[in-house]
Amino acid sequence: MKRIYFDHNATTPIAPEVLAAMMPYLTEEYGNASSIHVFGQNAREAVEQARTSVAALLNARPADIMFTSGGTESINHAILGTVVAQPGKSKHVITSAIEHVAGLDPCEALAKSGVGLTILPVDREGLVSAADILRAIRPETVLISIMLANNETGTIEPIAEIGKVAAEKGITLHTDAVQAAGKISLNVDDLGVDLLSISAHKFNGPKGIGALYIRKGTQLSPLLYGGHSERDRRPGTEDVAAIAGMGEAAKLARISLTQESDRIRNLRDRLEQGLLGRVPHSWVNGAKAARVPNTSNLTFPFIEGEAMVIALDLKGIACSTGAACSSGAVEPSHVLMALGLAPEDARATLRLSLGRQNTQEEVDHALETIPAVIERLRRLSPTYKNPAIA
Ligand code: PLP
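All figures in this text were calculated on a predicted structure; none of them were measured in a lab. (Residues numbered from 1 in each chain as written. Predicted model: local features only at pLDDT ≥ 70, side-chain atom pairs only at ≥ 80, totals over all residues. Heavy atoms only, no water.)

**Here's the deal with the packing of aromatic side chains**
- As enumerated under the stated definition, the model contains 2 aromatic pairs in all.
- With 4.9 Å between their ring centres and 50 degrees between their planes, F302 and Y384 make a pair best called tilted. Linking F302 in the loop between β10 (295-299) and α9 (305-314) with Y384 in helix α13 (residues 382-385), this pair joins segments that are 82 residues apart in sequence.
- Directly above the aromatic system of Y384 lies the positively charged group of R378, at a separation of 5.0 Å from the ring centroid. (Phe/Tyr/Trp six-rings, centres within 6.5 Å; stacked < 30°, edge-to-face > 60°. Helix = DSSP H or I, 4+ residues; strand = E, 2+ residues; numbered from the N terminus. Lys NZ or Arg CZ within 6 Å of the ring centre and 35° of its normal.)

In structure tokens:
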């Protein structure tokens, strides 16, 4: 059976060029980037080249890029590091209800230790309003952390607008751009952010490596202590192979961004429109907002998302009910609940996220398979059989 992978927001395959860029540092070039000898120099050169490529993807200065172990660490560092670095006893953080748990959980942990926390609601499309941010600001607000693109719906938040508010009030702004990098063009100055988090495995790089952009002058405490790497901001011996892989992935993403995003958008739209046309009682969440080109979040009422994922997996199609981290959980997605969906509709939702290797043939095959699976599951569904509801 040919397998089709529509779960690129969970993770992506490593591009062949990325693997090739990593291989020397997993084999003969095994130096420690902090060593003085030639082995060390070669490793250092790879790290600095990768830093330049990652910076170019964000239109940032290489010196403002810090490598981390991935999106989760970057986001935790941005949030916890900002709050620790700010003087004063009374502190307040603003975030949104649709953040990834990598952003929500550190904020909740801070709240438990006495930091003020405002979790802003979103509208029906999943968008945070800059006016709501302005209203939520207090004299003791030290951080605004709002994601750039949502991992479940793909909707793009108005970060540039929020950036203006943050700059006017002199408050540090962080954005979780994990689902935006490699999908839309990024410019830290246009966005007006002080801190921005990305993760390589979401754009055809390796897992376990990410970066935090730190605008020069931003107050940020380290999370870890124990050495001088990454300009004293993050100790520990660098994972040179992973960093080289992230650099190559950033380079590929930047070169192919416009062309690839048009191609993927066309495939996504063909899949989405095809499903809406073939499956009665269905809709796309966040459809009216600007979205990253690869993501479609569809609700097919009367059936369970988990049942759809399992049935589709048996037919060779890999997709998700929402955030990969919450797969297996029975709770409806906090993102879809924040959009105002009823719990039973939030549970009846599929996330299809496309990537580089997907083709039109795969989309057309999915358009034959998915509606048939939904129809079969609905025939088994007691709620769908009820003519008063259906
Ligand atoms: N933020 C968002 C929006 C994500 O989608 C993810 C991964 O699913 C993360 C953060 C966490 O990134 P990582 O897997 O690199 O820790």
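Now that the structure has been shown, the text picks up again.
**Quick word on the site of the ligand**
- Surrounding the ligand, one finds 13 residues, the nearest of these being T72, D176, Q179, S199 and K202.
- Residue D176 places a side-chain N or O atom 2.7 Å away from a nitrogen atom belonging to the ligand.
- Contact between the ligand and Q179: an oxygen atom at 2.8 Å from a side-chain N or O atom of the residue.
- Computed on the free molecule, the ligand has an accessible area of 390 Å², of which 87% lies beneath the protein chains in the complex.
- With 3 residues, helix α3 (residues 71-85) is the single largest residue contributor to the shell around the ligand.
- Class assignment of the residues belonging to the shell around the ligand gives a composition of 3 nonpolar, 8 polar and 2 charged. (Near = heavy atom within 4 Å. Polar contact = N/O pair within 3.5 Å; in protein donor to acceptor, adjacent residues only side chain to side chain. Areas by Shrake-Rupley, 256 points an atom, 1.4 Å probe, with all protein chains shown as cover. Nonpolar A, V, L, I, M, F, W, Y, C, P; charged D, E, K, R; others polar.)

**Some remarks on the pattern of salt bridges**
- Per the counting criterion, the structure on display carries 19 salt bridges.
- Note that R270 and D364 form a salt bridge whose closest N and O atoms lie 2.8 Å from each other. Residue R270 is located in helix α8 (residues 240-278), and its partner D364 is located in helix α12 (residues 360-380); the two are separated by 94 residues in the primary sequence.
- A relative accessible area of 28% means that D364 is categorised as partly exposed.
- Put simply, R44, E48, R51, E230 and E238 are held in one network by salt bridges that share partners. (Salt bridge = Lys/Arg side-chain N within 4 Å of Asp/Glu carboxyl O. Buried < 20%, exposed > 50% of the residue type's maximum accessible area, 1.4 Å probe, protein only.)

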